[in-house]
Amino acid sequence: MDGRQSEGKKRIRWGRILLWICVIAATVAAVWFLLRLVPKEDENVDVLLDTPVELGTEPPTEVETETETDCVVPEPEIDEQLLTINDYSRPGEEIDALEYIVIHYLGNPRTTAQQNHDYFESLKDLQNTSMSANFIVGIDGEIIECVPVGEIAYASNSMNHLSVSIENCHLDETGRFTQDTYNSCVRLTAYLAAKYGIDRDHIIRHYDVTGKECPLYYVEHEDKWEEFKDDVMEYIEECRETAGQGYSGETSVTPAEQG
Ligand SMILES: [Zn+2]
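Residues numbered from 1 in each chain as written. Predicted model: local features only at pLDDT ≥ 70, side-chain atom pairs only at ≥ 80, totals over all residues.

**Quick look at the packing of helix 4 (residues 179–196) against helix 7 (residues 222–244)**
Stated formally: The axes are straight lines fitted to the C-alpha atoms, using for helices just the contacting stretch, and the angles between their N-to-C directions are given from 0 to 180°. Elements are defined by DSSP. Helices are runs of H or I of four residues or more, strands are runs of E of two residues or more, and each kind is numbered from the N terminus. The hand of a helix crossing depends on one turn: near helix anticlockwise from the far one by less than a right angle means left-handed, and clockwise means right-handed. Two residues qualify as a contact pair if the distance between their C-beta atoms, derived from the backbone, is within 7 Å.
Contact geometry for helix 4 and helix 7: axes closest at 9 Å, N-to-C directions at 60 degrees. Crossing handedness for the pair helix 4 and helix 7: right-handed. Residues Val186, Arg187, Thr189, Ala190, Ala193 and Ala194 of helix 4 form the contact with helix 7, whose own contacting residues are Asp231, Val232, Tyr235 and Ile236.

**Things to note about helix 4**
Formally: Given the number of residues in a helix, its expected span is that number minus one, multiplied by 1.5 Å. Exposure classes come from backbone-placed C-beta atoms, where a residue is buried if 20 or more other C-beta atoms lie within 10 Å of its own, exposed if 12 or fewer do, and partly exposed in between.
With 18 residues, helix 4 extends 26 Å from end C-alpha to end C-alpha; this agrees with the ideal 26 Å at 1.5 Å per step. Taken across its 18 residues, helix 4 has 15 buried, putting it largely inside the fold. Gly197 sits one or two positions beyond helix 4 and adopts a positive phi of about 65 degrees.

**Things to note about helix 7**
Note that an α-helix has 3.6 residues per turn; residues three or four places apart therefore point the same way. The terminal C-alpha atoms of helix 7 lie 33 Å apart, and with 23 residues this matches the ideal 33 Å at 1.5 Å per residue to within 8%. Inspection of helix 7 places Trp225, Phe228, Asp231, Val232, Tyr235, Ile236 and Cys239 among the buried residues, and these make up the whole buried set. The inward-facing, buried residues of helix 7 contact helix 4, strand 6 (203–205) and helix 6 (216–220).

**Considering the environment of Ala193**
Note on placement: Ala193 falls in helix 4. Judged by the 23 C-beta atoms lying within 10 Å of it, Ala193 falls in the buried class. Measuring from C-alpha to C-alpha, the distance between Ala193 and Cys71 comes to 9.3 Å, with 122 residues separating the pair along the chain. Leaving out residues up to four positions away in the same chain, Ala193 has contacts with Ile101, Ile198, Ile203, Val232 and Ile236.

**Let's talk about the nonpolar core**
Here is the rule: Residues enter a nonpolar core if they are buried, belong to Ala, Val, Leu, Ile, Met, Phe, Trp, Tyr or Cys, and are joined to the set through C-beta atoms within 7 Å.
Ranked by internal contacts, the top residues of the largest apolar core, which has 49 residues, are Ile101, Phe135, Val137, Cys146, Ala190 and Ala193. Taken together, the elements giving at least two residues each to this core come down to strand 2 (100–103), helix 3 (113–126), strand 3 (135–137), strand 4 (143–145), strand 5 (163–168), helix 4, helix 6 and helix 7. The element that contributes the greatest number of residues to this core is helix 4, accounting for 10 residues. Setting aside residues no more than four positions away along its own chain, Ala190 makes contact with Val73, Val232, Tyr235 and Ile236.

**What about the sheet that holds strand 1 (residues 79–80)?**
Going by this rule: Strand pairing is defined by DSSP finding a minimum of two bridges between the two strands.
Judged by pairing direction, the sheet is mixed, and its six strands sit side by side in the order 1-4-3-5-2-6 without closing on themselves. Edge positions in the sheet fall to strand 1 and strand 6, since each has one partner strand and no second. The pairing of strand 2 with strand 6 spans three bridges and is classified as parallel. Bridge pairing links Ile103 to Arg205 in strand 6. Helix 3 rests against strand 3, strand 4 and strand 5 of the sheet, and its axis sits at about 150 degrees to strand 3.

**Comments concerning unusual backbone geometry**
Only a minority of non-glycine residues have a phi that is not negative, and only a minority of peptide bonds are not trans. The omega torsion of the bond from Cys214 to Pro215 falls at -5 degrees, within 30 degrees of zero and hence cis. Counting through the fold element by element, Pro215 comes out in the loop between helix 5 (206–210) and helix 6.

**Topic: the confidence of the model for the protein**
Detailed reading of the predicted coordinates is not advisable wherever pLDDT is low. The test is simple: Per-residue confidence from the predictor is reported as pLDDT, which spans 0 to 100.
When the pLDDT values of the protein are averaged, the result is 83; 73% of them are 70 or greater. Taken together, the stretch residues 38–67 has pLDDT below 50 and engages in 16 contacts with residues farther than four places along the chain or on a different chain.

Now the structure itself:
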């Protein structure tokens, strides 16, 4: 074999090897880059949403309650006393989406939030009716959480699978809330509305679902109902402004007096 020919073949062989090394290196780099784009399972969704990465057209599998944003409205003091999961007051099922806040009154004057909570809990044994609410606001403004937000409560009939419900205690047959109940209901409604992106038109009464006179006083006094929603929206706006001023910690904003 001619020496020059064999040197040429060697050069071609080395050229091919170098080419393959380049191809393999490029492939490894491309795979590494693509893997970085795949979100890790346990990574915070909020963080992922901040990155300019296309998440594809896959529909979200979680209900809307998972897409909550940072809330400008401070969370009111909530006494969490979750009901035992049972067929009569807490079925333990997820709602389809959180689109409405439904306001109620108990229709049972002078009963406390605790008594009503305990009644809802007792239905697992009584088994004679299905009834509950996500929250109960008491006469002194105390708030008890019976069913977690995002779970079905038996309060608002056809809206149960699309809403969070707030029951309110009252002192007499008129169903008018005490000032403490009113203030707590405004704060809780505002907190939930801001947290889950629910607008004024999606804050409704039980009456708006079924025509039932609930919450009675705010069905008989349409202007007071409009005022309630105004107070909720104003409270959110004030909290937003306070947050915008860089104030941190407890807000001094208080809901307007019930007229
Ligand atoms: Zn009701």
